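Here is how the chains run, residue by residue.
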Amino acid sequence: MNYQGLFGSPLTGLPIDIGIVEKRNSTQTPANINPLGIIGLQEVGAKSKPYKARVESPIPLSDQLAHNVAIFPKTDRVKITKDGVYIPQNILGENVEIEHQENCYADGSVQVTIFSYPRHRKAKVREVKTIDCTLELKWLDEYRDQYIGTWVALKGSQLLSYGENAREVYEAARKAGVESPVLIQVEPKNDLPFGGW
Amino acid sequence: MQHTLTFAKRHSYDTVLTGITIPVELCIGQNRVTIPLAKLDTGASFCIFQKEFGEALEIDIESGSSVRIETATGSFSAYGHQVILSALGFEFDVMVYFATLPGFNRNVLGRLGWLHQIRLGLIDYDGTLFVSQYNDSNETD
């Protein structure tokens with residue numbers, strides 16, 4: 001199995017179904033994986049227990065693939081030196097928080113567990129007032145034809161500014177003292193149904 | 001087997017408008033902008049907005065996390081930035097994406113950034129959405 005290109009998702013750092021790796025390797029050790037280069041990775045946002053892969057310990061892969069762990073071949077993308085293990089960010093994903101835990105053992109080996117937390121699962125939530133744009137949409141219905149092709153900034157049924165540059169229109173509305181202006185690109189009314197992307 | 005879901009909030013949307021329209025506010029630093037015509041899109045991987053909204057917020061769009069997004073008719077580039085997103089009474093610190101394709105005029109609330117943060121009920125015939133934050137789980141069999 002070719003393990004290259006399995007990683008690098010901007011989503012979670014674990015872009016593939018790890019179950020596929022587990023299934024395909026549950027009975028044998030892939031020839032192209034050096035157990036010395038194995039690093040345990042786990043998507044902690046999921047409801048599974050942490051898994052610790054022991055670096056520098058030739059544990060058979062068949063024993064290590066029983067959990068949600070991504071296995072990397074020891075390639076030029078993952079560097080192991082006397083100073084540590086270097087893992088490219090794109091393997092872990094771009095929208096993740098990375099933490100690690102080290103355990104030293106009497107035989108001199110070091111166990112390193114790397115956790116890749118998807119940020120989106122840990123977003124802070126606050127309850128806020130619901131946004132109501134009824135008046136702005138009513139204004140748009142009434143004056144659309146006069147402003148087609150421009151950006152408009154509104155507050156209720158009041159037009160704050162308009163023009164071809166969204167940033168300038170926004171700035172003018174802010175200068176008028178409106179904290180969160182409603183910004184709309186006015187387009188001709190389109191009666192065609194939308195078919196998705 | 002019956003399942004019962006309860007939700008903290010209920011919202012009505014205008015069924016005359018194209019799509020399921022949800023007003024959204026994006027905030028970064030002291031800058032806030034309200035986008036009145038964003039669409040709920042359960043098929044979209046991300047929350048994606050016109051780059052002009054990011055520029056209004058003084059975001060350097062192309063300094064963000066780059067991603068290529070596929071559609072039925074092609075693909076386009078977008079850049080992710082961490083913002084505060086408010087919609088339907090909940091506010092989250094999340095990653096949203098700004099499309100750089102010229103003429104791009106869609107603003108969608110997709111999975112990463114919004115749907116992952118909430119529990120959502122939808123009765124499209126009535127134009128009704130039910131929403132709770134994800135952690136406010138209250139499900140019974």
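In this text the structure is predicted, and so the values were computed from the model without any measurement.

1. Remarks on helix H4 (residues 134–147) of chain A
Piece 1. Given a rise of 1.5 Å per residue, 14 residues ought to cover 20 Å, and the 19 Å separating the end C-alpha atoms of H4(A) matches this to within 8%.
Piece 2. The largest bend along H4(A) reaches roughly 50° and is located at A:Asp141.
Piece 3. For H4(A), the complete set of buried residues consists of A:Glu136, A:Trp139, A:Leu140, A:Arg144 and A:Tyr147.
Piece 4. Taken together, the buried residues of H4(A) touch strand E7 (151–155), strand E8 (158–163) and strand E9 (182–185) of chain A together with strand E4 (31–40) of chain B.
Piece 5. A:Gly149 sits one or two positions beyond H4(A) and adopts a positive phi of about 90°.

2. Some words on the pairing of strand E10 (residues 118–123) of chain B
Sheet faces and side chains relate simply in a regular strand, where the side chains alternate between the two faces.
Residues and elements named next belong to chain B.
Piece 1. Pairing geometry for E10 and strand E11 (residues 128–133), over six bridges, is antiparallel. Its bridge partner being in E11, Ile123 is matched across the sheet by Thr128.
Piece 2. In textbook terms, the turn of a hairpin is the stretch between consecutive antiparallel strands, and for E10 and E11 this stretch comprises four residues, one of which, Gly127, has a positive phi near 70°.

3. Some thoughts on the interface of chain B and chain A
Piece 1. In this complex, chain B contributes 52 residues to the contact, which on the side of chain A involves 34 residues.
Piece 2. Interface of chain B and chain A: buried area, both sides summed, is about 3700 Å²; carbon and sulfur atoms make up 58% of it.
Piece 3. It is B:Arg32, B:Thr34 and B:Glu91 in chain B that bury the most area against chain A; as a group they hold 14% of the surface buried on that side.
Piece 4. Across the chain B-chain A interface, the total number found is five salt bridges.
Piece 5. Seen at the junction of chain B and chain A, the total is 14 residue pairs in polar contact (both at pLDDT 80 or more).
Piece 6. Mapped onto the side of chain B that touches chain A, the elements with two or more residues apiece are strand E2 (9–12), strand E3 (21–28), E4, strand E5 (48–50), helix H1 (51–56), strand E6 (65–71), strand E7 (74–87) and strand E8 (90–99) of chain B.
Piece 7. The element contributing the most residues to the side of chain B that touches chain A is E4(B), with seven residues.
Piece 8. Among the residues forming the side of chain B that touches chain A, the class breakdown is 25 nonpolar, 17 polar and ten charged.
Piece 9. For strand E6 (residues 125–127) of chain A and E8(B), the ladder comprises three bridges, and the chain directions are antiparallel.

4. Some thoughts on the pairing of E7(B)
Residues and elements named next belong to chain B.
Piece 1. Both E3 and E7 contribute to a ladder of four bridges, which runs antiparallel. Each bridged residue has a counterpart across the sheet, and for Leu26 the counterpart in E7 is Leu85.
Piece 2. Relative to E7, E6 runs antiparallel, the two being bridged by seven bridges. Within E7, the position partnered with Ile69 by the bridge is Phe76.
Piece 3. Hairpin connection between E6 and E7: a loop of two residues separates the two successive antiparallel strands.
Piece 4. Relative to E8, E7 runs antiparallel, the two sharing ten bridges. Along E8, the bridge assignment pairs Ile84 with Asp93.
Piece 5. As consecutive antiparallel partners, E7 and E8 are separated by two residues, and within that stretch Leu88 has a phi angle of approximately 50°, a positive value.

5. Comments concerning the sheet that holds E11(B)
Residue and element names in this part refer to chain B.
Piece 1. Here we have three strands laid out as an open sheet, ordered E2-E11-E10, and antiparallel in their pairing. If you trace the sheet from one side to the other, it starts and ends with E2 and E10, each paired once. Between one strand axis and the next, the sheet turns through 20° on average, direction left out of account.

6. Let's talk about the packing of aromatic side chains
Piece 1. One pass over the structure, following the stated rule, counts nine aromatic pairs over all chains.
Piece 2. Plain terms: the ring middles of A:Tyr147 and A:Tyr162 are 5.0 Å apart, the flat faces sit at 80° to each other, and that makes the pair edge-to-face. Taken as a pair, A:Tyr147 in helix H4 and A:Tyr162 in strand E8 lie far apart in primary sequence, 15 residues in all.
Piece 3. Taken together, a centroid distance of 5.9 Å and an interplanar angle of 35° make the contact between B:Phe7 and B:Phe130 tilted. Linking B:Phe7 in the loop between strand E1 (4–5) and E2 with B:Phe130 in strand E11, this pair joins segments that are 123 residues apart in sequence.
Piece 4. For B:Phe7, a relative accessible area of 25% gives the class partly exposed.
Piece 5. Three or more aromatic residues link up through ring pairs in this structure, and these residues are A:Trp139, A:Tyr143, A:Tyr147 and A:Tyr162.
Piece 6. The lysine or arginine in question, B:Lys9, covers the ring of B:Phe90, its NZ or CZ lying 5.2 Å from the ring centre.
Piece 7. When the ring centre of B:Phe7 is taken as reference, the NZ or CZ atom of B:Arg119 above it lies at 5.5 Å.

Procedures and definitions
The residue numbers shown here count from 1 along each chain, following its written sequence. Starting at A for chains and at 1 for ligands, labels are handed out in the order in which the entities are written. Local features in this predicted model are restricted to residues of pLDDT 70 or higher, and side-chain atom pairs are both shown and tallied only at a pLDDT of 80 or more, whereas totals for entire chains, interfaces and linings draw on every residue. Note that water and hydrogens are dropped before the side-chain values are worked out from all heavy atoms of the structure. In this description a helix means any DSSP run of H or I spanning at least four residues, a strand means any run of E spanning at least two, and both kinds are numbered starting from the N terminus. By definition here, a helix of n residues has an expected span of 1.5 Å times n minus one. Here the bend at a residue is taken as the angle between two axes, fitted respectively to the seven residues that end there and the seven that start there. With a 1.4 Å probe rolled over the protein chains alone, any residue whose accessible area is under 20% of its type maximum counts as buried; one over 50% counts as exposed, and the rest are partly exposed. Contacts are residue-level and defined by heavy atoms, with any inter-residue pair within 4.5 Å sufficient. Here, a strand pair is defined by DSSP locating no fewer than two bridges between the strands. Here's the idea: put two parts together, see how much 1.4 Å probe accessible area each one loses, and the total over both is what we call buried area. When a carboxyl oxygen of Asp or Glu is within 4 Å of a side-chain nitrogen of Lys or Arg, the pair counts as a salt bridge. Contacts described as polar in this section are N or O atom pairs within 3.5 Å, which, within protein, must combine one atom able to donate a hydrogen with one able to accept it, while residues neighboring in sequence count only if both atoms come from side chains. Ten residues, namely Ala, Val, Leu, Ile, Met, Phe, Trp, Tyr, Cys and Pro, are considered nonpolar, four, namely Asp, Glu, Lys and Arg, are considered charged, and the remaining ones, Gly among them, are considered polar. Lines are fitted to the C-alpha atoms to define the axes, a helix being fitted only along its stretch in contact, and any angle between axes, read from their N-to-C directions, falls within 0 to 180 degrees. Aromatic pairs are defined between Phe, Tyr and Trp rings, using the six-membered ring for Trp, whenever the two ring centres lie within 6.5 Å; interplanar angles under 30 degrees are classed as stacked, those over 60 as edge-to-face, and all others as tilted. Geometrically, a lysine NZ or arginine CZ counts as sitting over a ring once it is within 6 Å of the ring centre and also within 35 degrees of the ring normal.

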